[in-house]
Amino acid sequence: MTVEAAYTTWSATYDADRNLTRDLDQDVTRRVLGDRHFRSVLEIGCGTGKNTALLAGIAERVVALDFSEGMLARARAKMRADHVVFLRTDVTRPWPCADGSVDLVIGNLVLEHIEHLDAVFAEASRCLTADGRLFVSELHPFRQYQGAQARFVDAANESTRVPAFVHHVSEVLDAATRAGVTLLRFGEWWHDEDASRPPRLATFELVKR
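To keep things clear, this report deals only with the structure shown in the data block. Just so you know, these numbers come straight off a predicted model, no measurement behind them.

**Focus: the pattern of salt bridges**
For step 1, the next point in the chain: Following the criterion strictly, the structure yields 16 salt bridges and no others.
For step 2, the next point in the chain: Across the salt bridge formed by Arg88 and Glu4, the nearest N and O atoms sit 2.3 Å from each other. Here Arg88, found in strand S3 (residues 84-88), pairs with Glu4, found in helix H1 (residues 3-10); they are 84 residues apart in sequence, far enough to count as distant.
For step 3, the next point in the chain: You can call Arg88 partly exposed: its relative accessible area is 48%.
For step 4, the next point in the chain: Classification of Glu4 by relative accessible area gives partly exposed; the value is 27%.

**Comments concerning the state of the cysteines**
For step 1, the next point in the chain: Throughout the structure, instances matching the rule amount to zero disulfides.
For step 2, the next point in the chain: Lacking any disulfide linkage, Cys46 is separated from the closest cysteine sulfur, that of Cys97, by 15 Å.
For step 3, the next point in the chain: The exposure class of Cys46 is buried, given its relative accessible area of 3%.
For step 4, the next point in the chain: A disulfide-free cysteine, Cys97 has its sulfur positioned 3.2 Å from the sulfur of Cys127, the nearest such atom.

**Re the packing of aromatic side chains**
For step 1, the next point in the chain: The final tally for this structure, using the stated rule, is five aromatic pairs.
For step 2, the next point in the chain: Between Phe186 and Phe204 the ring centres are 5.2 Å apart and the planes differ by 55°, which places this aromatic pair in the tilted class. With Phe186 in strand S8 (residues 181-189) and Phe204 in strand S9 (residues 201-208), this residue pair connects regions lying 18 residues apart in the sequence.
For step 3, the next point in the chain: Classification of Phe186 by relative accessible area gives partly exposed; the value is 34%.
For step 4, the next point in the chain: Among the aromatic residues, ring-to-ring pairing joins Tyr7, Trp10, Tyr14 and Phe152 into one connected group.
For step 5, the next point in the chain: A cation over an aromatic ring shows up here: Arg22 above the ring of Tyr14, its NZ or CZ 5.9 Å from the ring centre.

**Focus on the layout of surface pockets**
For step 1, the next point in the chain: Approximately 880 Å³ is the volume found for the largest pocket.
For step 2, the next point in the chain: Lining the largest pocket are 42 residues, with Tyr7, Trp10, Glu112, His113 and Ala150 sitting closest to its centre.
For step 3, the next point in the chain: At the level of secondary structure, the elements contributing two or more residues to the lining of the largest pocket comprise H1, helix H2 (20-33) and strand S6 (151-153).
For step 4, the next point in the chain: If you tally residues by element for the lining of the largest pocket, the top one is H1, at four residues.

**What about the packing of helix H5 (residues 118-127) against helix H7 (residues 169-179)?**
For step 1, the next point in the chain: Contact geometry for H5 and H7: axes closest at 8 Å, N-to-C directions at 45°. Relative to H7, H5 is oriented oblique. Here H5 runs over H7; the crossing is right-handed. Where H5 abuts H7, its residues Asp118, Phe121, Ala122 and Ser125 lie against Val172, Ala175, Ala176, Arg178 and Ala179.

**A look at the pairing of S9**
For step 1, the next point in the chain: Counting buried positions along S9 gives eight out of eight residues, so the element sits mostly inside the fold.
For step 2, the next point in the chain: By the alternation rule, side chains of S9 split into Leu201, Thr203, Glu205 and Val207 and Ala202, Phe204, Leu206 and Lys208, which are all buried.
For step 3, the next point in the chain: Pairing of S8 with S9 involves eight bridges; the strand directions are antiparallel. Paired with Trp189 across the strands is Leu201, a residue of S9.

Here is what the cut-offs are and how they apply
- Residue numbers here run from 1 along each chain, matching the order of that chain's written sequence.
- Totals for whole chains, interfaces and linings use all residues, but because this is a predicted model, local features are given only for residues with pLDDT of at least 70 and pairs of side-chain atoms are given and counted only at 80 or more.
- Note that water and hydrogens are dropped before the side-chain values are worked out from all heavy atoms of the structure.
- We count a salt bridge whenever a side-chain nitrogen from Lys or Arg sits within 4 Å of a carboxyl oxygen from Asp or Glu.
- Each helix is a run of H or I in the DSSP string that is no shorter than four residues. Each strand is a run of E no shorter than two, and both are numbered from the N terminus.
- The rule is simple: take the accessible area with a 1.4 Å probe, protein chains only, and divide by the maximum for that residue type; under 20% is buried, over 50% is exposed, in between is partly exposed.
- Working definition: a disulfide is two cysteine sulfur atoms within 2.5 Å of each other.
- Aromatic rings from Phe, Tyr and Trp, taking only the six-membered ring of Trp, are treated as a pair when their centres fall within 6.5 Å; an angle between ring planes under 30 degrees marks them as stacked, one over 60 as edge-to-face, and anything in between as tilted.
- Definition used: whenever NZ (Lys) or CZ (Arg) falls within 6 Å of the ring centre and also within 35 degrees of the ring normal, the charge is taken to sit over that ring.
- Buriedness for pockets is judged along seven lines, at least five of which must meet protein on both sides within 12 Å for an open set on the 1 Å grid over protein atoms alone, while cavities are sets there where a 1.4 Å probe fits but cannot get out, and lining residues have an atom within 4 Å of a point.
- Grid points are joined across faces, edges and corners, and a volume is the space filled by probe spheres set on the points.
- Axis definition: a line fitted to C-alpha atoms, over the contacting stretch in the case of helices. Angles run 0 to 180 degrees between N-to-C directions.
- For classification, angles of less than 35 degrees are called roughly parallel, those exceeding 145 degrees roughly antiparallel, those between 65 and 115 degrees roughly perpendicular, and all remaining angles oblique.
- If you view the pair so one helix is near and one far, a crossing is left-handed when the near helix is turned anticlockwise from the far one by less than a right angle, and right-handed when it is turned clockwise.
- Only heavy atoms matter for contacts: two residues are in contact if any of them lie within 4.5 Å across the pair.
- Being paired, for any two strands, means DSSP has found at least two bridges between them.

It is worth stressing that arrangement in space is one thing and function is another; only the former is reported here.
Below, the structure is given as structure tokens:
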């Protein structure tokens, strides 16, 4: 099953499923960005809009991208605001965004499903203003080394693993450097139920210089 097909199927239950990684990602994103303000935000891989509501509250304009129509339908149903636009887009291809037009690009739990990172970081850099910020939150590679992977159980009680790729921290940073964005802060995050386990999430806060 392709990533797109998997997420379209998963969209029916995504918000209701028990998912510690999703919940921690939402909490971490709020903790990192919740007290900031942005003129324009581009969200890649918005899914059902779990973080879009936060972005709508801290930005004057939000463009949210995803390539799963099922996920986008859920997001649109939850978020109806004049300053928020949802667009169906494959983020491995050129984004519907003018050069230097946004001051925050954000991607949550997206890169694990993208084999080659350079195109994504190049598009983020192209879209960002000078001194614009890039925020990335991902399943920590330490968890991936242990076999962790996005998965869900469908209506027929069949377990599906969403296709994924392991990206080492150094690989992410190298792709960012090639695209002209520089690391400001690297974070590692645990859920309350993660005692004595490797970090669940890795976050990268970067700036375009």
